Every structure is written in C-alpha cells, then in structure tokens.
Amino acid sequence: PPSTWEGGYMGKKDEEGGIVAILALVREDIIKDRATAKQAEDDAEAKYQKMKTEAEAQVKTLEGEITEMEGSIGSKEADVEAAETDISGKKDELGVVMKRIKDAQPGCDFVTVNFETRLKARQVEKDGLVEAKAILSGAKFDESP
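Each value, and the rule that gives it
Residues numbered from 1 in each chain as written. Predicted model: local features only at pLDDT ≥ 70, side-chain atom pairs only at ≥ 80, totals over all residues. Heavy atoms only, no water. Helix = DSSP H or I, 4+ residues; strand = E, 2+ residues; numbered from the N terminus. Buried < 20%, exposed > 50% of the residue type's maximum accessible area, 1.4 Å probe, protein only. Areas by Shrake-Rupley, 256 points an atom, 1.4 Å probe, with all protein chains shown as cover. Salt bridge = Lys/Arg side-chain N within 4 Å of Asp/Glu carboxyl O. Expected span 1.5 Å × (residues − 1). Patch = residues over 30% accessible without salt bridge, like charges linked within 9 Å, V, L, I, M, F, W, Y side chains within 5 Å. Bend = angle between axes of the 7 residues up to and from the residue.

> Help me understand the overall build of the protein chain, please; the structure alone is not making it clear to me.
Tallying secondary structure elements over the protein chain gives two helices and zero strands in all. Counting the 145 residues in the protein chain, one finds 0% classified as buried. In the structure as shown, the protein chain presents an accessible area of about 14100 Å², 60% of it carried by carbon and sulfur atoms.

> So what exactly am I meant to see when it comes to the pattern of salt bridges here?
Opposite charge on two side chains lets them pair, provided their charged atoms get close. In total, this model carries three salt bridges according to the counting rule given. When the shortest N-O distance is used, the salt bridge between Lys 38 and Asp 42 registers 3.4 Å. On the criterion of helical spacing, the pair formed by Lys 38 and Asp 42 is a turn pair, its members being four residues apart in helix α1 (residues 19–113). What makes Asp 42 partly exposed here is its relative accessible area of 36%. Between Asp 103 and Lys 99 there is a salt bridge; the shortest N-O distance is 3.1 Å.

> For this particular structure, what's the right way to read helix α2 (residues 115–136)?
Owing to its 3.6 residues per turn, the α-helix aligns residues three or four sequence positions apart on the same side. Given a rise of 1.5 Å per residue, 22 residues ought to cover 32 Å, and the 31 Å separating the end C-alpha atoms of α2 matches this to within 8%. Where α2 terminates, the next one or two residues include Gly 138, which has phi positive at roughly 105°.

> Explanation requested: a nonpolar patch on the surface in the structure shown.
Together, Ile 19, Val 20, Ile 22, Leu 23, Val 26 and Ile 30 line one region of the surface with nonpolar side chains, adding up to about 580 Å² of accessible area. With respect to the helices, strands and loops of the structure, Ile 30 is situated in helix α1.

> Whenever I open this one, α1 confuses me. Can you help?
Between the first and last C-alpha of α1 there are 130 Å, a value that for 95 residues agrees with the 141 Å anticipated at 1.5 Å per step. Within α1, the axis deviates most sharply at Gln 105, by approximately 40°, and proline Pro 106 lies no more than four positions further along.

Shown next, in the form of structure tokens:
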C-alpha cells in the first residue's frame, strides 16, 4: 500500500495553545461575567435598600397623617352632632315663637280691621276732653250740634 504521510504525526503547530487556550478564554469570560453580575447585583441591592427606606419613611408619614385625620374626623363629627343639637333646640324655640304669633294673630287682625273706627273714636274722645277742660276753665260754647 502506498504511504499517505511521510513522517510521524506532529499535531497542529500553527495554532498556539489549542484547546487549553480556548478554555483559558472561556474561564476569563466567566470571571468577567461573574464580576459584572456581582456589580449589577450590588447596584440592585443598593437601589432596593434605598427604595425600601424611602417607602418605610413614607408609610410612617402617611400613618401619622391617617391618625391625625381620624382624630380630625372625630372632632368634626362631634361638632356636627353639637350643631344638630343646637339646630334642634332652635327649631323648638322657633316653633314656640310661631305658635305665640299664631295665637296673637286674631287680636292683630281685630286691631287692623278696626283701626280707622278706633282712630275716629279716639279723636272724638280727645275733642270731648279738650272741650270739658275748656268748660271747667270757664269757656262757653254754643249748644248747636
């Protein structure tokens, strides 16, 4: 048979390092990726802690405001109840006054209807008193009607 190669197998001499060099590159890439991932994780942890601290502070602030507003609501409800009681009392007073006015109305109507008649009667009475005073003082009047 014919010989296919001359000399013994020498391997690939042009490529330096071969598989070992490739594995070394893979190892370096893994180390870089781990460092990048570690840095990203540390940044994310720092952002999370900052956000958590801010959120807790905001929750405390809002809880304080809620407590304050609940106290304010209680105060306002008491004010409303007092105002409603006051209004009820005022309505009762108004009812009494309105009843008194209604009870007095017939007398007022009598005065209104009979005002002119009473005015004329009062004027006649005043004239009679003036005349009586004059007579007692010695004045004389004609007896003609």
